[in-house]
Amino acid sequence: MAADSLFNKILIANRGEIAVRIIRSCKELQIPTVAVYSEADRGALHVRAADEAYCIGEAPGSRSYLRGDTIIAIAKKTGCDAIHPGYGFLSERADFAEQCAAAGITFVGPNPHAIRVMCNKAAARALAAEVDVPLIPGMQEYLTDEGQARELAATIGFPLMIKAADGYGGKGMRKVERPEDLSKALRAVTSETLNSFGRSEVYMERYIENTRHIEIQVLGDKQGHIVHFMERECSVQRRYQKMIEEAPSTIINDELRRKMGEAAISIARAVRYDSAGTVEFLVSAKTGDFFFLEMNPRLAVEHPITEAITGTDLCKEMIRVAAGLPLTLRQEEIKIRGHAIECRIYAEDPDNNFFPSEGRISCLRTPGGPGVRDESGIYEGLDVPIYYDPLLAKLVIWASTRERCISRAQRALSEYFIKGIKTTIPFSERIMKNRHFMAGDYDTTFTDTSFVKEDAAREKPHLDLALLAAVIKTFRRDKVRACKNIGISDATTPAAQSGWKMSGRVKR
Amino acid sequence: MTYIVTHKNREQNVKVEEFHPGQYKVLLGGKEYLVDYLEPQNNLLSLIIDGRSYEVDIDAADNSDVYGVDILGDHFEFEVIEEKRKKLVRKMSAGPSGRQEIKSPMSGIVWKILVKEGDLVESGQVLIILEAMKMKNEIKAPLAGCVSVLNAREGVPVATNDMLCVVEPDEEQSSHS
């Protein structure tokens, strides 16, 4: 099919690495692009990558990237017939998708009804239940009294979790191992909830041991065809923030993959899903049971690892189906080849509690070589803005086996230098060398528990080397300073050397 | 030159001598290292020691004696001070038990202030919560004491190094480490 039959022009309603990535696909499809930028992003990479660029407001997202009306006005003015929302910002706003449609502009994403249903967790779960996709038992009802709680507990099964509806950060939660412990735990959570949040709505759900967060990539067209592109394993999370993803998962066999894929497709089909999306599940490594969590009706941050193992460009596919073309791939044709890992690079300091880091990127060296893909929106000299998500870049590694992929990731990370700000590159390096991760033996608690311990206890063989570097650096600095004090500009001449020695003597 | 290097509160003496431009003899922990040192890019070092090649990422603020060194996934912080200067510094500094000015580590907005001027606080107690990069960040008391000055105001933006508050050690509490 000719590329020029897709769209006349696309506006990318996003920024950073995803905007650059989308623009790349548009360029390859020979579709002209329009970038929008906030005042803080005038120097951004996505602005330079696009054919046209327009300022849409002040730095804060609410005054710029979330201004749907401004964005649609620019799209109309520039003759765009499509808008790609990326992820975050307006990507899951059904009203924005409807406004685009009303303006005669194609929203490169699913239909508004699908967005609406999937963004409402209760509605999404109800839908999953309707199509017989397993849910974590017990999630839907609030507890009214102990009698009802006991009955519910019997159907849910033990161990179970009692959770406060408004709980967060581990507060208002209790794990109950046996039926005998239920009363006490109920009382404890209810009173804690009442004291902390002023409300006492609690619910129960089964406690699933060794959970893994595993999601299925789906893609649908406007003709009703839907396929899935296998799973992504996203269990390396820190406080619910994904840090490292891989595909395929080490605990999913062909049979489980087929079942989960079918479950994901049936959920997508129930809302006539017609774009790229992600269906998230919690999977018990122990039993192989899987439970629907939620669906993200947009392009996922971690989509590149799926692209790597299936040899596809999901962004291009999204644009094609948005233009009304039917899917070109049949499910039988989608196969896994090799293994992929993505390391997210955040502007956070992993040695200081992941405190956000800001500043100017003074030096940037990205890795290369076979199987290495760097998706980034940064460049040397960029002042990292503080208004947005701290995700700077994604390092995506592909190799023919998982073992080789990990080895390659270690190699690529060792070549990656970002100076001027702190990043999570060292964290990724240490995960890649962790024996549990290497064995594929980890779950969603890994990063916050066993990794923290093992990481803290790890040997640091390069301490002396680091010390040498710091000392020589100081020595050289002091030398330059001393020469400046005596008025010598070139510290390397013999005169300077003796001057340096002289000043040393004088100090004594 | 002899330097005193402090790492995790442990001090050691290190002697450095440049015997040829770019070539250094370093005596550390009783061992002598011959180091070929080059800085091909700012604060990115190439070290060759005994034929082994290393790339070292170093961070050094202009007026500071503290260096952050990153090498192969590990991060180290050292304070490196020339021997004679260190003796002088030791005499003059208030040390970690002195008056602590707490400066903002980043730009952001003061989201919540959990203490008042005059409050007694414990070491590690959360004093202020800053909002930046869509996340909440806790600013903690570095020692036990009293909040003698509170500059921060809820809802007011702060820049890096803005003084948020001051914690003065409590006389009784500082008598034991």
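Just so we're clear, the structure is a prediction, and the values are computed from it rather than from any experiment.

A word on the overall build of chain B
(1) Moving on: Each helix and strand counted, chain B has one helix and 16 strands in total.
(2) Moving on: Each principal axis of the C-alpha distribution contributes one length, and for chain B these read about 60 × 40 × 25 Å.
(3) Moving on: Across chain B, contacts joining residues at least 24 apart in sequence account for 41% of those joining residues at least 6 apart.

What to know about the overall build of chain A
(1) Moving on: The helix and strand inventory of chain A stands at 17 helices and 22 strands.
(2) Moving on: For the C-alpha atoms alone, the extent of chain A along its principal axes is close to 90 × 65 × 50 Å.
(3) Moving on: Taking contacts inside chain A between residues at least 6 apart in sequence as the whole, the part at least 24 apart equals 64%.

Considerations on the sheet that holds strand 14 (residues 145-150) of chain B
All names here are of chain B.
(1) Moving on: Strand order in the open sheet formed by four strands is 9-16-14-11, with antiparallel pairing between adjacent strands. The strands lining the two open edges of the sheet, one partner per strand, are strand 9 (100-103) and strand 11 (120-121).
(2) Moving on: As defined by bridge partners, strand 9 adjoins strand 16 (residues 163-169) across four bridges and the pair is classed as antiparallel. Residue K103 lies in a different strand from strand 16, and its bridge partner there is M163.

Re the sheet that holds strand 1 (residues 10-12) of chain A
Residue and element names in this part refer to chain A.
(1) Moving on: Taking strand neighbours across the sheet as the criterion, the five strands line up as 3-2-1-4-5 in an open arrangement whose pairing is parallel. The open sheet has two edge strands with one neighbour each: strand 3 (52-57) and strand 5 (106-107).
(2) Moving on: Here two bridges tie strand 4 (residues 82-84) to strand 5, and the two strands are oriented parallel to one another. Each residue of the ladder has a partner; that of I83, found in strand 5, is F107.
(3) Moving on: Here helix 3 (residues 68-78) sits on the sheet in contact with strand 1, strand 2 (33-38), strand 3 and strand 4, set at roughly 150 degrees to strand 3.

With respect to helix 4 (residues 94-102) of chain A
All names here are of chain A.
(1) Moving on: Every buried residue of helix 4 is accounted for by A94, F96, A97 and C100. Axial view of helix 4: buried residues confined to an arc of 165 degrees, hence all on one face. Set apart from the buried face of helix 4 by more than 90 degrees, the exposed residues are D95 and A102.
(2) Moving on: Among the structural elements, helix 3, strand 4, strand 5 and helix 5 (112-118) are those in contact with the buried residues of helix 4.

Section: the packing of helix 12 (residues 402-415) of chain A against helix 13 (residues 425-432) of chain A
All names here are of chain A.
(1) Moving on: Direction vectors running N to C along helix 12 and helix 13 enclose 150 degrees, while the axes themselves pass 10 Å from each other. With respect to each other, helix 12 and helix 13 are oriented roughly antiparallel. Relative to helix 13, helix 12 is oriented so that their crossing is left-handed. Contacts from I406, A409, Q410 and L413 in helix 12 reach I425, S428, E429 and M432 in helix 13.
(2) Moving on: Taken together, the residues of the contact of helix 12 with helix 13 break down into five nonpolar, two polar and one charged.

Brief notes about the domain arrangement of chain A
Note on interface size: it is often stated as the accessible area lost on association of the parts.
(1) Moving on: Domains assigned within chain A are domain 1 (3-108), domain 2 (146-206), domain 3 (210-337), domain 4 (345-458) and domain 5 (464-507).
(2) Moving on: Placing a centre on the C-alpha atoms of domain 2 of chain A and another on those of domain 3 of chain A gives a separation of 32 Å.

Concerning the interface of chain A and chain B
(1) Moving on: Contacts between the two partners involve 34 residues from chain A, matched on the other side by 46 residues from chain B.
(2) Moving on: Sorting the residues of the side of chain A that touches chain B by element identifies strand 16 (355-356), strand 22 (417-419), helix 13 and helix 16 (463-486) of chain A as the ones contributing at least two each.
(3) Moving on: Here the side of chain A that touches chain B takes 14 residues from helix 16 of chain A, the largest share from any one element.
(4) Moving on: Of the residues belonging to the side of chain A that touches chain B, the class tally is 17 nonpolar, five polar and twelve charged.

Calculation rules
- Residues numbered from 1 in each chain as written.
- Chains lettered and ligands numbered in written order.
- Predicted model: local features only at pLDDT ≥ 70, side-chain atom pairs only at ≥ 80, totals over all residues.
- Helix = DSSP H or I, 4+ residues; strand = E, 2+ residues; numbered from the N terminus.
- Contact = placed C-beta atoms within 7 Å.
- Pairing = 2+ DSSP bridges.
- Axes fitted to C-alpha atoms, helices over the stretch in contact; angles between N-to-C directions.
- Buried ≥ 20, exposed ≤ 12 C-beta atoms within 10 Å, placed from the backbone.
- Arc of directions from axis to C-beta.
- Parallel < 35°, antiparallel > 145°, perpendicular 65-115°, else oblique.
- Left-handed = near helix turned anticlockwise from the far one by under 90°.
- Nonpolar A, V, L, I, M, F, W, Y, C, P; charged D, E, K, R; others polar.
- Domains from an automatic or database assignment.

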